[in-house]
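# Analysis of the macromolecular model
One-letter residues, chain by chain:
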Amino acid sequence: STLIGDAMHPFVPNLGQGACQAIEDAWVITAGLGKGLRGDDLNHWMKTRRQAKVKYIRRTANMLGRLTQSKSALMHKGLGLFSAPPMSWQMKSDFRYQFDRGQADLTRQS
């Protein structure tokens, strides 16, 4: 059997990459099956193809976890400088954009 996603490479949840990595794993497995690989050969082939990316994601998720869980006030202030606007603001902005774009499309059609 072949494991994918969180089952194969468990990450801390700081990047939300479990499902994304499962999709990438499935893509690589499909390519390996297309080459006629099966069983241990497929598992080894997949591991060698995915190792660098998985290592990068794991390292980044761990680093982000350490930063966000730091008790340092200075660290939290610094992270606040790079944070995105509140989600509700982003959603309202996106909705406004979609609505305005839809209205412009309707105006052009009439």
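Everything that follows concerns the structure shown earlier in this document.
Just so it is clear, the structure is predicted and the values come from calculations on it, not from any experiment. (Residues numbered from 1 in each chain as written. Predicted model: local features only at pLDDT ≥ 70, side-chain atom pairs only at ≥ 80, totals over all residues. Heavy atoms only, no water.)

## Things to note about the overall build of the protein chain
Scanning the protein chain for helices and strands turns up 5 helices and 0 strands. Walking the protein chain from its N terminus toward its C terminus, one meets helices and strands in the order α-α-α-α-α. Carbon and sulfur atoms form 62% of the exposed surface of the protein chain, whose accessible area is close to 8600 Å². (Helix = DSSP H or I, 4+ residues; strand = E, 2+ residues; numbered from the N terminus. Areas by Shrake-Rupley, 256 points an atom, 1.4 Å probe, with all protein chains shown as cover.)

## Quick notes on helix α2 (residues 18-34)
Over its 17 residues, α2 extends 24 Å from the first C-alpha to the last, a length consistent with the 24 Å expected when each residue adds 1.5 Å. Considered for burial, the residues of α2 that qualify are G18, Q21, A22, D25, V28, I29 and G32. The buried residues of α2 occupy an angular sector of 125° when projected down its axis, which confines them to one face. Exposed side of α2, more than 90 degrees from the buried face: A19, I23, W27, T30 and G34 are the residues found there. Positioned one or two residues after α2, G36 has a phi angle of 85°, which is positive. (Expected span 1.5 Å × (residues − 1). Buried < 20%, exposed > 50% of the residue type's maximum accessible area, 1.4 Å probe, protein only. Arc of directions from axis to C-beta.)

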